[in-house]
Amino acid sequence: MYSRYVKTEAIVLNSVQFGEGHNIINLFTESYGKVEASAFGVRKTKSRFGSTLEPFTISHFLLYHKSEDSLFTIKDVNVHSHNNSISEDFQKFIVGNSLIEPVILFVEKGQADRNLYRLLSDALKVLNEIITNKSIYLLSMYDIKFLSIMGYSPNISMCKKCGDHLNDKESYMDHYYGFPICERCKTGSSVQIYTGTLRFIEWVDTNSIAYSKKVTMEKPTLDNIRSVIEQLYLHTFHKKPQSWKQLNSY
Ligand SMILES: [Zn+2]
């Protein structure tokens, strides 16, 4: 049912300056999916919104729109989690951008998905608290869960090309066939999947993102997990998030 005023919890994805004195805020809402909402007077020094419309903030919003297809205006904001420590730490900031960017790039506007909403809001809350050097594990768990909610959760025991049963030692993948493929089906551009990577992917499936705090692994396994995730994004969306370019320092 259409209503001029709507209440929803939402995550601020980003904020874009638009004309004189107002910004367009890109929100990922729990009830309505991604929406754009205008906020008037946000650039005034004594804006009534203060810092509530900064990226990574999770709040309860009161939004108004005149008709069903007109733009929302932000009427009121009640902050739930500021997640301040993400913007104060450069590495966390890059990871935070890498959590948000797939939602900006790959989620359809206006398509509500509570599982996806919970995933991003939980990930931001955990990122806010976690020690910096664990944040790359959090991102990797997030990416695997994000791909799975978006419809990519492969059967890791069967070759996608020929259907043969796979054992851990001979798994490969590429952005064309996806994941996993067997030794006989691999091509020159295929990436080998380590046993540790397969175990991590299985483990992520049944564990909450808060467990990223407890993850430890060797650098080669982490590098392999990141390259498998990269191939999965390329396979599924033909594109990968730009924020990853700055992740190199992990
Ligand atoms: Zn095969």
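Quick caveat, the model's predicted, so the values are computed rather than measured. (Residues numbered from 1 in each chain as written. Predicted model: local features only at pLDDT ≥ 70, side-chain atom pairs only at ≥ 80, totals over all residues. Heavy atoms only, no water.)

Only Cys 159 (SG), Cys 162 (SG), Cys 182 (SG) and Cys 185 (SG) from the protein coordinate the zinc ion, and they sit 2.3 Å from it. Here the zinc ion binds four donor atoms, and the angle range of 102 to 115 degrees at the metal identifies the geometry as tetrahedral. Taken in chain order, the donor set of the zinc ion reads C-x2-C-x19-C-x2-C. Note that Cys 162 is positioned in the loop between α4 (135-149) and β6 (171-174) and Cys 185 in the loop between β7 (178-181) and β8 (191-193), a separation of 23 residues in sequence. The class of Cys 162 is partly exposed, set by a relative accessible area of 35%. (Donors = N, O, S within 2.8 Å, 3.2 Å for Na, K, Ca; no water. Tetrahedral: all angles 85-135°; square planar, octahedral: opposite > 155°, others 65-115°. Helix = DSSP H or I, 4+ residues; strand = E, 2+ residues; numbered from the N terminus. Buried < 20%, exposed > 50% of the residue type's maximum accessible area, 1.4 Å probe, protein only.)

Now for the sheet that holds β8. The strands making up a sheet associate through hydrogen bonds between their backbones, and the pairing can be parallel or antiparallel. Taken in spatial order, the three strands of this open sheet run β7-β6-β8, and their pairing is antiparallel. In this open sheet, the two edge strands, each paired with only one partner strand, are β7 and β8. Sheet twist, expressed as the average angle between the axes of neighbouring strands with direction ignored, equals 35 degrees. When β6 meets β8, the two strands line up antiparallel, connected through three bridges. Along β8, the bridge assignment pairs Met 173 with Val 191. Contacting β6, β7 and β8, helix α5 (residues 195-206) runs over the sheet at an angle of about 65 degrees to β8. Packing against the sheet, helix α6 (residues 219-237) makes contact with β6, β7 and β8, and its axis sits at approximately 120 degrees to β8. (Pairing = 2+ DSSP bridges. Axes fitted to C-alpha atoms, helices over the stretch in contact; angles between N-to-C directions. Contact = heavy atoms within 4.5 Å.)

Moving on, we come to the domain arrangement of the protein. Domain annotation for the protein reports domain 1 (5-82) and domain 2 (85-249). Facing 18 residues of domain 1, the contacting portion of domain 2 comprises 23 residues. Buried surface at the junction of domain 1 and domain 2, both sides included, amounts to about 1,800 Å², of which 66% is carbon and sulfur. Linking domain 1 with domain 2 are four salt bridges. For Glu 30, the salt bridge is made with Arg 114, and the minimal N-O distance between the two is 3.7 Å. (Domains from an automatic or database assignment. Buried area = accessible area lost by both parts, 1.4 Å probe. Salt bridge = Lys/Arg side-chain N within 4 Å of Asp/Glu carboxyl O.)

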